[in-house]
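# Close look at the chain arrangement
Now for the letters of each chain:
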Amino acid sequence: SQTIHQWPATLVQPVGSPLSLECTVEGTSNPNLYWYRQAAGRGLQLLFYSVGIGQISSEVPQNLSASRPQDRQFILSSKKLLLSDSGFYLCAWTGGNEKLFFGSGTQLSVL
Amino acid sequence: SQKIEQNSEALNIQEGKTATLTCNYTNYSPAYLQWYRQDPGRGPVFLLLIRENEKEKRKERLKVTFDTTLKQSLFHITASQPADSATYLCALPPAGGYQKVTFGIGTKLQVIP
């Protein structure tokens, strides 16, 4: 069966520091991969999605970037974090149908 | 762009009653609509999908309706239990595809024993 791994679960970073969040999917090939952010009291905001290796679509202008170096690996990065980057980051995948399967999320606090 | 409206206020109901959550949308006609459940500190979990040509869909104690004229979906939980307490999210695909799903803010349901 398919599983999605996302780490770390929690992260506290100072303003201006770099960020790297990793997500991997097992048990499927060529998934569509997504990064969402959920700020406190707000809905899920789509940040990036990818339909294949090296193919990244950005939905929101920001100081974040995403990369897909392997078929089942999706990485969210930042060179310098801002206070406004705090939130709950979720990785998700679809296997060619409409259902989204989410990881367990990373709670990021930028201080 | 499409806009999704869910009652962001919490809904409190007594155990055993039917909970009804509402999702309204504007500006387009989606091919389908999804409902997800999210527990605190966890990722959303897919519950049900209903297509534009379906009026109603059921799964155990869950029922979803889809009124494309009113641009509204209703999500019902019958015989509600405290374990049903969670935030329920409505989600819609963009026109012509499914890659960029948009989520509503969600409605927090509290089932009181």
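Let me begin by describing the structure that accompanies this report. (Residues numbered from 1 in each chain as written. Chains lettered and ligands numbered in written order. Predicted model: local features only at pLDDT ≥ 70, side-chain atom pairs only at ≥ 80, totals over all residues. Heavy atoms only, no water.)

## Brief notes about the overall build of chain A
Basically, it comes down to this: Only DSSP runs of H or I covering at least 4 residues are called helices, and only runs of E covering at least 2 are called strands; the numbering of each starts at the N terminus. For a compact globule the rule gives 2.2 Å times the number of residues to the power 0.38, and the radius of gyration it is set against comes from C-alpha atoms. For the exposure calls, accessible area comes from a 1.4 Å probe over protein chains only, and a residue counts as buried if that area is under 20% of its type's maximum, exposed if over 50%, partly exposed in between.
Of regular secondary structure, chain A possesses zero helices and 11 strands. Compactness check: chain A gives a C-alpha radius of gyration of 13 Å against a globular reference of 13 Å for 111 residues, within 12% of the reference. Taken along the three principal axes of its C-alpha coordinates, chain A extends 40 × 25 × 20 Å. Looking at chain A residue by residue over its 111 residues, the buried ones come to 47%.

## Notes on the environment of B:Leu62
Residues and elements named next belong to chain B. Heads up, the condition is: Residues are treated as being in contact if the distance between any of their heavy atoms lies within 4.5 Å.
You can see Leu 62 is positioned in strand S7 (residues 62–67). Counting along the chain gives 14 residues from Leu 62 to Leu 48, while the straight-line C-alpha distance between them is 8.5 Å. Apart from the residues lying within four places of it in its own chain, the contact partners of Leu 62 are Leu 47, Leu 48, Lys 57, Phe 75, His 76 and Ile 77.

## Some details on the nonpolar core
Stated formally: In this text, buried Ala, Val, Leu, Ile, Met, Phe, Trp, Tyr and Cys residues form a nonpolar core when linked through side-chain atoms within 4.5 Å.
With 23 residues, the main nonpolar core has B:Leu33, B:Trp35, B:Phe75, B:Ile77, B:Tyr88 and B:Leu109 as its most contacted residues. Elements with a contribution of two residues or more to this core: strand S3 (19–26), strand S4 (32–38), strand S5 (45–51), S7, strand S8 (72–77), strand S9 (86–92) and strand S11 (107–112) of chain B. Beyond its immediate stretch of four places on either side in the chain, B:Leu109 contacts B:Leu11, B:Ile13, B:Ala19, B:Ile77, B:Asp84, B:Ser85, B:Ala86 and B:Tyr88. Within the second largest apolar cluster, 19 residues are counted, among which are A:Leu21, A:Trp35, A:Leu47 and A:Trp93.

## Structural notes on the sheet that holds S3(B)
All names here are of chain B. Quick reminder of the rule: In this analysis, strands are considered paired if DSSP registers two or more bridges between them. The axes used here are C-alpha line fits, helices contributing only the stretch in contact, and every angle between their N-to-C directions lies in the interval 0 to 180 degrees.
Pairing within the open sheet is antiparallel, and its five strands lie in the order S1-S3-S8-S7-S6. Strand pairing shows two members of the sheet lacking a second neighbour, strand S1 (3–6) and strand S6 (56–59), which therefore form its edges. On average, adjacent strands in this sheet sit at an angle of 15° to one another, irrespective of strand direction. Here S7 pairs with S8 via six bridges, running antiparallel.

## What about the state of the cysteines?
All names here are of chain A. Heads up, the condition is: The term disulfide is used for any two cysteine sulfur atoms that are within 2.5 Å.
Applying the stated criterion across every chain, the model contains two disulfides over all chains. Two residues share a disulfide in this structure: Cys 23 and Cys 91, whose sulfurs sit 2.0 Å from each other. Torsion about the S-S bond of the Cys 23 and Cys 91 cystine: about -75°, corresponding to left-handed handedness. With a gap of 68 residues between them, Cys 23 in strand S3 (residues 19–26) and Cys 91 in strand S9 (residues 87–94) connect regions that are remote in the sequence.

## Brief notes about the interface of chain A and chain B
Counted only if it meets this: Accessible area, probed at 1.4 Å, shrinks when two parts are joined; the buried area is that loss added up over both. We count a salt bridge whenever a side-chain nitrogen from Lys or Arg sits within 4 Å of a carboxyl oxygen from Asp or Glu. Pairing of N or O atoms within 3.5 Å defines a polar contact, subject to two protein rules: one partner must be a possible hydrogen donor and the other a possible acceptor, and residues neighboring in sequence count only if both atoms are side-chain atoms.
Listed as interface residues are 23 residues of chain A and, on the opposing side, 19 residues of chain B. Carbon and sulfur atoms make up 58% of the surface buried where chain A meets chain B, a total of about 1,600 Å² over both sides. When the buried surface of chain A facing chain B is broken down by residue, A:Leu44, A:Glu98 and A:Leu100 rank first, second and third, together holding 32% of it. At the junction of chain A and chain B, the tally comes to two salt bridges. Residue B:Arg51 pairs with A:Glu98 through a salt bridge whose shortest N-O separation is 2.9 Å. Seen at the junction of chain A and chain B, the total is five residue pairs in polar contact (both at pLDDT 80 or more). Looking at the side of chain A that touches chain B, the elements that each hand over two or more residues are strand S4 (32–38), strand S5 (44–52) and S9 of chain A.

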